[in-house]
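Inside the fold
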Amino acid sequence: MKRMRTYPPSRKVIAVLAAALLATGVAACGNSDTGGSGGDDGTITLGFSQVGAESGWRTANTTSIKEAATEAGIDLKFDDAQQKQENQIKAIRNFIQQKVDVIAFSPVVESGWDTVLKEAKDAKIPVILTDRSVDSADKSLYKTFLGSDFVKEGRLAGEWLVQKEQSATGPVNIVELQGTTGSAPANDRKKGFAEAIAANPNLKIVASQSGDFTRAGGKQVMEQFLKANPKIDVLFAHNDDMGLGALEAITAAGKVPGKDITIITVDAVKDGMQALADGKFNFIAECSPLLGPQLMDLVKKVHAGESVPARIETQETTFTQEQAKEALPNRKY
Ligand code: GZL
């Protein structure tokens, strides 16, 4: 049974806030042009709809958001949509009825959001997109987007492969495990990777299918790829978790991951970095899930009616096997 969880700010934070308000004698009130009025003690209420709990990246992202809300003294109403768009739409409607001050969410897919976002706009509740974006033509439906450049992540993965295979004299067969169908990271990573490998006509994607960003999905689809394609040289997985699932299928087929099949993934969560350091993966393009602190800063600014940039991209890097060995001890997620 899915539960809407509330994460009230810690007692210490409330005491500090109350003292500050008493000292200034300022009555707590929300911004006049937002639907929420802020709590009596000035606490901002944030309604957050999360995609689900499908991957290590998502778990780290949820932890970052919950910890940052507590730290920022923001009252968090958190909903896990279990990777279903209809659940996210329901959650957003609940937040509107509860008159939260700000709504933030990571849209599981790019399309189908205009109606519910218009309802939030009509209720004068500002919306922030985090992690994934939407394809709405009406940019007034949300205040800002905070997250990664997924096309760049796919491009960096492809450029590394072009460099690795520059001396190839024959076809290099690639299989691709796509993320959730219709999601921004799946669409954009696929686009960036394809654009990059076009530089070398030997590099051919012989099969491409969604594993839905999960380990189980990655394993199941990789088993099908191995049965249908006698010669697989490279796996490009849109996230570490599908790559980790694929490892099981590759090993079960009697092949050595990282050697018989070059494996490139995206995210750089701890388990992925461990596989890279162990030589089972060959390259990872990082996608940071640690969006919580930046999100809470944006929530406060948007609630106060301050202007914010339309798009805020996270800083990310890439890792080779050697770089993973060096970075692993200090990885936060
Ligand atoms: C990317 C994020 C993706 C991750 C996956 O920002 O939306 O969803 O790459 C996660 O691990 O499931």
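Above this text is the structure in question.
Let me begin by describing the structure that accompanies this report. (Residues numbered from 1 in each chain as written. Predicted model: local features only at pLDDT ≥ 70, side-chain atom pairs only at ≥ 80, totals over all residues. Heavy atoms only, no water.)

What about the site of the ligand?
- Not every one of the 13 residues close to the ligand is listed here, only the nearest: Glu54, Asp131, Arg132, Arg189 and Asp267.
- The contact in question runs from an oxygen atom of the ligand to an N or O atom on the side chain of Arg132, over 2.7 Å.
- Between the ligand and Arg189 there is a distance of 2.8 Å, counted from an oxygen atom to a side-chain nitrogen or oxygen.
- Relative to its unbound accessible surface of 320 Å², the ligand loses 100% to contact with the protein.
- Taken atom by atom, the bulk of the ligand overlaps the largest cavity.
- When residues of the shell around the ligand are traced back to their parent elements, those giving at least two are α2 (56–72) and α6 (184–197).
- Counting contributing residues per domain, the shell around the ligand is built from domain 1 (45–148 + 289–315) and domain 2 (150–287), each supplying no fewer than three. (Near = heavy atom within 4 Å. Polar contact = N/O pair within 3.5 Å; in protein donor to acceptor, adjacent residues only side chain to side chain. Areas by Shrake-Rupley, 256 points an atom, 1.4 Å probe, with all protein chains shown as cover. 1 Å grid on protein atoms, 1.4 Å probe; cavity = no way out; pocket = protein on both sides within 12 Å on 5 of 7 lines; lining within 4 Å. Sits in = over half its atoms within 2 Å of the grid points. Helix = DSSP H or I, 4+ residues; strand = E, 2+ residues; numbered from the N terminus. Domains from an automatic or database assignment.)

What to know about the packing of α2 against helix α10 (residues 292–303)
- As a packed pair, α2 and α10 sit with axes 8 Å apart at the nearest point and diverge in direction by 50 degrees. Compared by their axis directions, α2 and α10 come out oblique. For α2 against α10, the interelement crossing comes out right-handed. Along the contact surface, α2 presents Ser64, Ile65, Ala68, Ala69 and Ala72, while α10 presents Gly292, Pro293, Leu295, Met296 and Lys300.
- Here the contact of α2 with α10 is composed, by residue class, of seven nonpolar, two polar and one charged. (Axes fitted to C-alpha atoms, helices over the stretch in contact; angles between N-to-C directions. Parallel < 35°, antiparallel > 145°, perpendicular 65-115°, else oblique. Left-handed = near helix turned anticlockwise from the far one by under 90°. Contact = heavy atoms within 4.5 Å. Nonpolar A, V, L, I, M, F, W, Y, C, P; charged D, E, K, R; others polar.)

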